[in-house]
Amino acid sequence: YQTGVEGKEQIVYIYTKGETFGYRPILCNESHPVSAKALEDSVISFIPLDSFLKVLKKSFILSNKLLYNLSHEFTVWINRISAFGQKGLKERIALSLLILNEKYKKTGREHLPVSIPLSRDDFANYIGTSKEPLVRALRHFKDEKLIRTKGRKIIVLDIRKLEKIADF
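Here's a quick rundown of the structure. These figures come from a predicted structure and were not determined experimentally.

**What about the overall build of the protein chain?**
Here is step 1 of the chain: Scanning the protein chain from N- to C-terminus turns up 7 helices and 5 strands.
Here is step 2 of the chain: When its helices and strands are written in sequence order, the protein chain yields β-β-α-α-α-α-β-α-α-β-β-α.
Here is step 3 of the chain: Along the longest, intermediate and shortest principal axes, the C-alpha atoms of the protein chain span 55 × 45 × 30 Å.
Here is step 4 of the chain: Relative to its 168 residues, the protein chain shows a buried fraction of 30%.
Here is step 5 of the chain: In the protein chain, 63% of the contacts between residues at least 6 apart in sequence involve partners at least 24 apart.
Here is step 6 of the chain: By element, 55% of the accessible surface of the protein chain is carried by carbon and sulfur atoms, the whole surface being about 11,400 Å².

**Quick word on a nonpolar patch on the surface**
Here is step 1 of the chain: A surface patch of nonpolar side chains, about 220 Å² in accessible area, is lined by I26, L49 and L53.
Here is step 2 of the chain: By the element assignment, L53 lies in helix α2 (residues 49-58).

**Overview of the environment of Q2**
Here is step 1 of the chain: Among the secondary structure elements, Q2 is positioned in strand β1 (residues 2-3).
Here is step 2 of the chain: Overall, Q2 belongs to the partly exposed group, its relative accessible area being 38%.
Here is step 3 of the chain: Separated by 34 residues in the primary sequence, Q2 and A36 have C-alpha atoms spaced 8.6 Å apart.
Here is step 4 of the chain: Excluding its chain neighbours within four sequence positions, the residues that come into contact with Q2 are K8, E9, Q10, P33 and V34.

**A word on the nonpolar core**
Here is step 1 of the chain: Among the nonpolar cores identified, the biggest contains 29 residues, and I93, L97, I116 and F123 are the most heavily contacted of them.
Here is step 2 of the chain: Elements with a minimum of two residues in this core: α3 (60-86), α4 (89-103), α5 (120-127), α6 (131-143), β5 (153-156) and α7 (159-166).
Here is step 3 of the chain: Each residue touching F123, except ones within four places of it in the same chain, is listed here: I93, S96, L97, L100, L118, L134, L138 and I154.

**Some words on the packing of α2 against α3**
Here is step 1 of the chain: Remark: α2 packs on α3, axes separated minimally by 5 Å, with the N-to-C direction vectors making an angle of 105 degrees. By the angle between their axes, α2 is roughly perpendicular relative to α3. In contact with F52, V55, L56 and K58 of α2, α3 contributes F60, L62, S63 and L66.
Here is step 2 of the chain: In the contact of α2 with α3, the residues fall into 6 nonpolar, 1 polar and 1 charged.

**Comments concerning the packing of aromatic side chains**
Here is step 1 of the chain: As enumerated under the stated definition, the model contains 3 aromatic pairs in all.
Here is step 2 of the chain: Consider the rings of Y13 and W77, whose centres lie 6.1 Å apart with planes at 85 degrees: the pair is edge-to-face. Note that Y13 is positioned in the loop between β2 (9-10) and α1 (24-28) and W77 in helix α3, a separation of 64 residues in sequence.
Here is step 3 of the chain: Take Y13: its relative accessible area is 11%, and that puts it in the buried class.
Here is step 4 of the chain: Overall, the relative accessible area of 29% leaves W77 in the partly exposed class.
Here is step 5 of the chain: Taken together, the ring pairs in this structure connect Y13, Y15, F21 and W77 into an aromatic cluster.
Here is step 6 of the chain: Its guanidinium or amino end placed over the ring of Y1, K37 lies 5.5 Å from that ring's centre, counting from NZ or CZ.
Here is step 7 of the chain: Against the face of Y126 rests R80, its NZ or CZ located 4.1 Å from the ring centre.

**A few points about a positive patch on the surface**
Here is step 1 of the chain: Judged by side-chain charge, K17, K106, R109, R148, K150, R152 and K153 come together as a positively charged surface patch.
Here is step 2 of the chain: We classify K106 as exposed; its relative accessible area is 52%.

About the criteria used
- Residue indices follow the written sequence of each chain, beginning from 1 at its first position.
- At least 70 in pLDDT is required for a residue's local features to be given in this predicted model, at least 80 for side-chain atom pairs to be given and counted, and no such filter applies to totals for whole chains, interfaces and linings, which use all residues.
- For side-chain calculations, the full set of non-hydrogen atoms in the structure is used, while hydrogens and water are omitted.
- Elements are defined by DSSP. Helices are runs of H or I of four residues or more, strands are runs of E of two residues or more, and each kind is numbered from the N terminus.
- Burial here depends on accessible area, computed with a 1.4 Å probe over protein chains only, as a share of the maximum for the residue type. Under 20% is buried, over 50% is exposed, and the range in between is partly exposed.
- The contact criterion used is simple: two residues touch if any of their non-hydrogen atoms lie within 4.5 Å.
- To be clear on the numbers: accessible area is Shrake-Rupley with a 1.4 Å probe, and residue cover counts the displayed protein chains and nothing else.
- Surface patches are drawn from residues lacking salt bridges whose relative accessible area is over 30%; two like charges belong together within 9 Å, two nonpolar side chains (Val, Leu, Ile, Met, Phe, Trp, Tyr) within 5 Å.
- For this document, the term salt bridge refers to a Lys or Arg side-chain nitrogen within 4 Å of an Asp or Glu carboxyl oxygen.
- Joining through side-chain atoms within 4.5 Å is the link that ties buried Ala, Val, Leu, Ile, Met, Phe, Trp, Tyr and Cys residues into a set, and such a set is a nonpolar core.
- Whenever a helix is involved, its axis is fitted only over the stretch in contact; in every case the axis is a line through C-alpha atoms, and angles between N-to-C directions fall within 0 to 180 degrees.
- For classification purposes, an angle smaller than 35 degrees is called roughly parallel, one larger than 145 roughly antiparallel, one from 65 to 115 roughly perpendicular, and anything else oblique.
- Residue polarity follows a fixed list, in which Ala, Val, Leu, Ile, Met, Phe, Trp, Tyr, Cys and Pro are nonpolar, Asp, Glu, Lys and Arg are charged, and the others, Gly among them, are polar.
- Within 6.5 Å between ring centres, the rings of Phe, Tyr and Trp (the latter by its six-membered ring) count as paired, and their orientation is classed by plane angle as stacked under 30 degrees, edge-to-face over 60, tilted in between.
- The rule for a charge over a ring is simple: NZ of Lys or CZ of Arg within 6 Å of the ring centre, and within 35 degrees of the ring normal.
- We treat Lys and Arg as the positive residues and Asp and Glu as the negative residues; His and chain ends play no part in the count.
- All charge positions are set by atom: Lys at NZ, Arg at CZ, Asp at CG, Glu at CD.

Limitation: the analysis is restricted to geometry and does not speak to function.
Structure, rendered in structure tokens:
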């Protein structure tokens, strides 16, 4: 996430199990313009700079994997900026639910409902709005049986209707 002038957080990317992050500034020798925090209980591994650079120089596979990851993240960011800049709130929420539904699918269990573990504050920060309009829109989505909630978790029930709302 990145913190704005008034202290408001904007979530720019959500990483899930097995994804690597924090290496981009190392590769281009720049400072890191964003921060990271866990949205749920996590185990995070740290690789010291010297070790990372040694392995990177020796491993063609690691270099290619990081290049692939950077390219994918860039594509996600560009698509998100473009889509979010052109869509209204309900469309952005529907699109975000579709993106997060895909992101949180578990391998081998793709046919099962996905539980999206975001607090309302974090979800609002992800789509670039305040909490109140998000909660109203989510209530509408619940009333329309597009989603259901269980505590802070959101479960997508009707992907097709969300795709229509998102104009996807």
